Amino acid sequence: MTTPAGTEGFGLILTVDLDALARNYRALCSRFTGRQIGAVVKADAYGTGIDKAVPALAAAGCRTFFVALPREGVSARERLRAAGIADADAHVHVLDGFFPRASELYRTFRLRPVLGSPDEIARWTAWRSNENATLHVDTGINRLGIRWDRIDELVPASAIKDAGVDLVMSHFACADTPDHPLNEAQIERFAAVRAAFPGLAGSLCNSAGIFLSDEAHHDLARPGIALYGGASHPDAKMEPVVTAEARILVVRPVKAGESVGYGGVWTAQRETTLAILAAGYADGYLRAAGTIDGETGRQVSIAEHRVPIVGRVSMDLIAADVTDIPVAALEAEGPNICAELFGPTIDINDVAEAAGTIAYELLTNLSRRAARLYIGETEKN
Ligand SMILES: *Cc1c(COP(=O)(O)O)cnc(C)c1O
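Residues numbered from 1 in each chain as written. Predicted model: local features only at pLDDT ≥ 70, side-chain atom pairs only at ≥ 80, totals over all residues. Heavy atoms only, no water.

**Remarks on the pairing of strand E18 (residues 318-321)**
Here E18 shows two buried faces, one formed by Ile318 and Ala320 and the other by Ala319 and Asp321. Pairing of strand E17 (residues 305-310) with E18 involves two bridges; the strand directions are antiparallel. Bridge assignment links Val310 to a residue of E18, and that residue is Ala319. (Buried < 20%, exposed > 50% of the residue type's maximum accessible area, 1.4 Å probe, protein only. Helix = DSSP H or I, 4+ residues; strand = E, 2+ residues; numbered from the N terminus. Pairing = 2+ DSSP bridges.)

Below is the structure:
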């Protein structure tokens, strides 16, 4: 494609499709058998931009949001208020819990902490306004939360009441590997936790969990990556939300036997035509997606042709081998032509996998140097 107006001074152009985000939200809702799908919008909504993602999700009907940090909770609440949604109608949960020195933020922005230790419950109870809270029970991931086999001893019913806890949650360690035995164990442990706190609503599923058995569903789900088009489970076919396109700076020849880029790690075996793209690892495109072992790297898409990256991905530049694209096809694209790094043609999950990582890391590392465009109905409102 050619670069849109407003992006003239940029090398990498990120387009976030808010309608695709809303469709992914609705698709998850139709798969889910519990009461409600919340949205995890931590890390700037997985790099897509919390300020745009929250109103788009709210317009799609979402009323429960999860962030990692109180500061992120402030952003979520501010966007909800700006969208005209009353504080009482939308919940913002802080997964990392209660930060006593930021206590005023919880009050001012109506944030609900996810409490994961007896001390934290006590600190919250001593301070709390009338906002409710969530109890985090660890059923096997061993990060945050009170161990499932010690809740009777550590969390008396009176503590739940005094802390205003109305939801109990736990988190899967291996839901993206459906056959992993830990999934079944966590589902059973969480069922026992629910039985111990019959008055509380329950939340267990992240994105991948929604595609495990319905028994895992409970009342509220907390998907993140699936909303943003990342793979979480073999059955979770979500729409891409972010498209990354890099401007082509120049198309140039290289002679057979010459190397390309830093380290000279890739050598042309034939007369080659290169397209040099104005994006690199400083934009968040992974260096490991380029040539590492002398072979070609990941593919990019130019003028509807998939072509390989050759040589290392450097800070600002990427070289692609466009020898096999007919010159007419390139010329037909006109000036300002771009290469798709990932999006509708090149699956972000494939790029991440080839670079030895996951779409979560690729999305959350997209840099502020890139131009960001938002498309979709929600954006126009
Ligand atoms: C990040 C996070 C999620 C979302 O996980 P995805 O795999 O992105 O769906 C849900 N719950 C907790 C506790 C998390 O930390």
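**Some points on unusual backbone geometry**
Residues other than glycine seldom take positive phi values, yet Asp44 does so here, at roughly 55 degrees. Inspection of the secondary structure assignment puts Asp44 in helix H2 (residues 42-46). For Asp44, a relative accessible area of 38% puts it in the partly exposed group. Positioned with a positive phi, Asn142 is a non-glycine residue whose angle comes to about 55 degrees. On the basis of relative accessibility, which here comes to 54%, the residue Asn142 falls in the exposed class.

**Here's the deal with the site of the ligand**
By nearness alone, 14 residues border the ligand, and Lys42, Tyr46, Ser207, Ile225 and Tyr360 come closest of all. Within the contact set of the ligand, an oxygen atom lies 2.8 Å away from a side-chain nitrogen or oxygen of Lys42. Within the side chain of Tyr46, an N or O atom sits 2.5 Å from an oxygen atom of the ligand. A total of 390 Å² of accessible area belongs to the ligand in isolation, and the protein chains cover 91% of it. Assessed atom by atom at 2 Å from the grid points, the ligand resides in the largest pocket. Split by residue class, the shell around the ligand holds seven nonpolar, four polar and three charged. (Near = heavy atom within 4 Å. Polar contact = N/O pair within 3.5 Å; in protein donor to acceptor, adjacent residues only side chain to side chain. Areas by Shrake-Rupley, 256 points an atom, 1.4 Å probe, with all protein chains shown as cover. 1 Å grid on protein atoms, 1.4 Å probe; cavity = no way out; pocket = protein on both sides within 12 Å on 5 of 7 lines; lining within 4 Å. Sits in = over half its atoms within 2 Å of the grid points. Nonpolar A, V, L, I, M, F, W, Y, C, P; charged D, E, K, R; others polar.)

**Quick look at the packing of aromatic side chains**
How two aromatic rings sit relative to each other is set out by the distance from centre to centre and by the angle between their planes. Applying the stated criterion to the full structure yields seven aromatic pairs. One aromatic cluster in this structure is built from Phe98, Tyr106, Trp124 and Trp127. Sitting above the plane of the Tyr374 ring, Lys52 keeps its charged end 5.3 Å from the centroid. The side chain of Arg189 reaches across the aromatic face of Trp148, ending 3.9 Å from its centre. (Phe/Tyr/Trp six-rings, centres within 6.5 Å; stacked < 30°, edge-to-face > 60°. Lys NZ or Arg CZ within 6 Å of the ring centre and 35° of its normal.)

**Regarding the domain arrangement of the protein**
The assigned domain composition of the protein is domain 1 (32-228) and domain 2 (242-378). A straight line from the C-alpha centre of domain 1 to that of domain 2 covers 38 Å. Contacts between the two partners involve 11 residues from domain 1 and, on the opposite side, eight residues from domain 2. Interface of domain 1 and domain 2: buried area, both sides summed, is about 830 Å²; carbon and sulfur atoms make up 70% of it. Where domain 1 meets domain 2, there are zero salt bridges. Our enumeration of links across domain 1 and domain 2 arrives at two residue pairs in polar contact (both at pLDDT 80 or more). Mapped onto the side of domain 1 that touches domain 2, the elements with two or more residues apiece are H2 and helix H3 (50-59). With four residues, the single largest contributor to the side of domain 1 that touches domain 2 is H3. (Domains from an automatic or database assignment. Contact = heavy atoms within 4.5 Å. Buried area = accessible area lost by both parts, 1.4 Å probe. Salt bridge = Lys/Arg side-chain N within 4 Å of Asp/Glu carboxyl O.)

**Here's the deal with the pattern of salt bridges**
Scanning the model with the defined rule gives 16 salt bridges in all. Between Arg150 and Glu153 there is a salt bridge, with the nearest N and O atoms lying 2.5 Å from each other. Judged by its relative accessible area of 37%, Arg150 falls in the partly exposed class. Judged by relative accessible area, Glu153 falls into the exposed class, the value being 53%. Each of Arg110, Arg112, Glu131 and Asp166 takes part in one network of salt bridges that share partners.

**Quick word on the nonpolar core**
Core analysis: the largest hydrophobic core is formed by 119 residues, its most contacted members being Val41, Leu57, Leu135, Ile302 and Leu341. Mapping this core onto the domain boundaries places at least three of its residues in each of domain 1 (32-228) and domain 2 (242-378). Non-local contacts of Leu135, meaning those with residues more than four positions away in its chain, are made with Leu115, Ile121, Ile146, Val155, Ile160, Val165, Leu167, Val168, Met169 and Phe197. Among the nonpolar cores identified, the runner-up in size contains eight residues, and Val254, Trp266, Val310 and Ala319 belong to it. (Core = buried A, V, L, I, M, F, W, Y, C linked by side-chain atoms within 4.5 Å.)

**Let's talk about the environment of His305**
Looking at where His305 falls in the secondary structure, it is placed in strand E17. Exposure remark for His305: the relative accessible area of 28% places this residue in the partly exposed category. In this structure, the C-alpha to C-alpha distance between His305 and Met169, residues 136 residues apart in sequence, is 46 Å.

**Topic: the layout of surface pockets**
Considering only enclosed or pocket space, the largest pocket measures out at about 530 Å³ in volume. Of the residues belonging to the lining of the largest pocket, the class tally is 13 nonpolar, six polar and five charged. (Points joined across faces, edges and corners; volume = space filled by probe spheres on them.)

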